[in-house]
Amino acid sequence: MGPRPNLLTRRAAGVASTTLALLLSTAAVGAVPAASAFSAAPGGACVEPADSHANARVKPGAAAKHDPNELTAKQVRERDADLAAALRERANFRAGAGATALATVTIPVVVHVIQENSTRAGGNIPDSLITSQITVLNQAYAGATGGAATAFTFRLDKINRVTNPSWYPIVQGSSAERSMKSSLRVGGKNTLNIYLGELSDDLLGWATFPQRNLSSMDGVVALNESLPGGTATNYNQGDTGTHEVGHWLNLYHTFQGGCGGSGDSVSDTPAEASPAYECPTGRNTCSATGLDPITNFMDYTYDSCMYQFTPGQASRMLTAWNAYRAA
Ligand SMILES: [Zn+2]
């Protein structure tokens, strides 16, 4: 199995220094070929508009019945075209204003704890789990667990506890979810709103991708017991949060697009035919070079198995930040 090499200090250099070049070069954001093959994920028929959602993370048993937000090849093309357009806009703006691209970013975080009542089973998780989650995010995005360092750090600004049985569990795509988010969401496009609770359909979490216009739906939803020290066996080291924040920063799943086309639009994540679950060391589902990236945060493996982003993912996130979320 793939032990999580906690707190290694191996860091990939050069992410920040490539920022401006990426920002100004639309070619670097990755054009998606029109013929990009899409390998449908389990339950992939249920797809929402690409601009209003992101991908859920699911447990193995849940995959067959519900994986609400896998992207189609068309949605990937649209998203990447929009990223290129947003970058062009920003490049023009910055050239005119003389501003520079952000190379390091501190993200303010507001955590909304949705509770049915005051019991642990009713969603009343302790503050210590939330502060541990922020620590896990900071380690993961710093490359401190073995992957590439990214530009991002996370600062917990507020824990907002809300008791409302009509929002519990949080049901993905429901009117209650829209009501919850429109009532609670705070901050600008740079503010990470995290909603914690019991979730529908055995989901571990879901997130929105960045958009040019801020939506009240923007944010990350995660299973409360997926936080570090929670009760979600095999998924309680906080990497659901890491994974969903990856979507919030514009990353696709490593299995996006299957073996064909441009996959997840990141060149240094080997192609993968389908999600990997548990920790299948040596899995190799595509003929292209490289074993499946089962240790990547954007796959579906156990928390103990995933511990890294790649330099390409770090660059993609920072590019998207500058295009969409930077002030
Ligand atoms: Zn996902």
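Residues numbered from 1 in each chain as written. Predicted model: local features only at pLDDT ≥ 70, side-chain atom pairs only at ≥ 80, totals over all residues. Heavy atoms only, no water.

- Under an unreviewed UniProt entry, the name given to the protein chain is Zinc metalloprotease, and the source organism is Micromonospora parastrephiae.

## Structural notes on the overall build of the protein chain
Okay, step 1: Helices and strands together make up the secondary structure of the protein chain, namely seven helices and six strands.
Okay, step 2: Taken from N to C terminus, the helices and strands of the protein chain fall in the order α-β-α-α-β-α-β-α-β-β-β-α-α.
Okay, step 3: Across the 327 residues in the protein chain, those meeting the buried criterion constitute 56%.
Okay, step 4: If you sum the accessible surface of the protein chain, you get close to 12100 Å²; carbon and sulfur atoms cover 55% of it. (Helix = DSSP H or I, 4+ residues; strand = E, 2+ residues; numbered from the N terminus. Buried < 20%, exposed > 50% of the residue type's maximum accessible area, 1.4 Å probe, protein only. Areas by Shrake-Rupley, 256 points an atom, 1.4 Å probe, with all protein chains shown as cover.)

## Digging into the nonpolar core
Okay, step 1: Counting residues in each nonpolar core, the largest one holds 34 residues, and the members touching the most others are Ile107, Tyr141, Phe152, Phe154, Leu192, Leu196 and Leu249.
Okay, step 2: Contributing elements (two or more residues each) for this core: strand 2 (105–115), helix 4 (127–142), strand 3 (152–163), strand 4 (192–197), strand 6 (220–223), helix 6 (239–248) and helix 7 (311–325).
Okay, step 3: Looking at this core, the element that brings in the most residues is helix 4, giving six residues.
Okay, step 4: Ignoring anything within four residues of it in the chain, the contact list for Leu196 reads Val111, His112, Val113, Ile114, Ile125, Ile130, Ile170, Ala222, Asn224 and Leu227.
Okay, step 5: One finds Ile114, Trp167, Ile170 and Tyr300 within the second-largest nonpolar core, a separate group that totals 24 residues. (Core = buried A, V, L, I, M, F, W, Y, C linked by side-chain atoms within 4.5 Å. Contact = heavy atoms within 4.5 Å.)

## Quick word on the coordination of the zinc ion
Okay, step 1: Protein-derived ligands of the zinc ion are His243 (NE2), His247 (NE2) and His253 (NE2), with the metal-ligand distances lying across 2.0 to 2.1 Å.
Okay, step 2: As a motif over one chain, the donors of the zinc ion read H-x3-H-x5-H. Separated by 10 residues along the polypeptide, His243 in helix 6 and His253 in the loop between helix 6 and helix 7 bring together distant segments of the chain.
Okay, step 3: Among the residues examined, His243 registers a relative accessible area of 0% and is labelled buried. (Donors = N, O, S within 2.8 Å, 3.2 Å for Na, K, Ca; no water.)

## Things to note about the environment of Ser304
Okay, step 1: Secondary-structure assignment places Ser304 in the loop between helix 6 and helix 7.
Okay, step 2: Measuring from C-alpha to C-alpha, the distance between Ser304 and Asn236 comes to 9.0 Å, with 68 residues separating the pair along the chain.

## Some details on the pairing of strand 2
Okay, step 1: Burial runs high along strand 2: 10 of the 11 residues are buried.
Okay, step 2: Each parallel crossover has a hand, and the one from strand 2 via helix 4 to strand 3 is right-handed.
Okay, step 3: The pairing of strand 2 with strand 4 spans five bridges and is classified as parallel. Its bridge partner lying in strand 4, Val111 is registered against Ile194. (Right-handed = clockwise from strand over helix to strand, strands pointing away. Pairing = 2+ DSSP bridges.)

## Quick word on helix 4
Okay, step 1: Taking 1.5 Å of rise per residue, 16 residues should cover 22 Å, and helix 4 covers 23 Å from first to last C-alpha, within 8% of that figure.
Okay, step 2: Listed as buried for helix 4 are Leu129, Ile130, Gln133, Ile134, Val136, Leu137, Ala140, Tyr141 and Ala142.
Okay, step 3: Contact partners of the buried residues in helix 4: strand 2, strand 3, strand 4, helix 6 and helix 7.
Okay, step 4: Count one or two residues on from helix 4 and you reach Gly143, which has phi positive near 80 degrees. (Expected span 1.5 Å × (residues − 1).)

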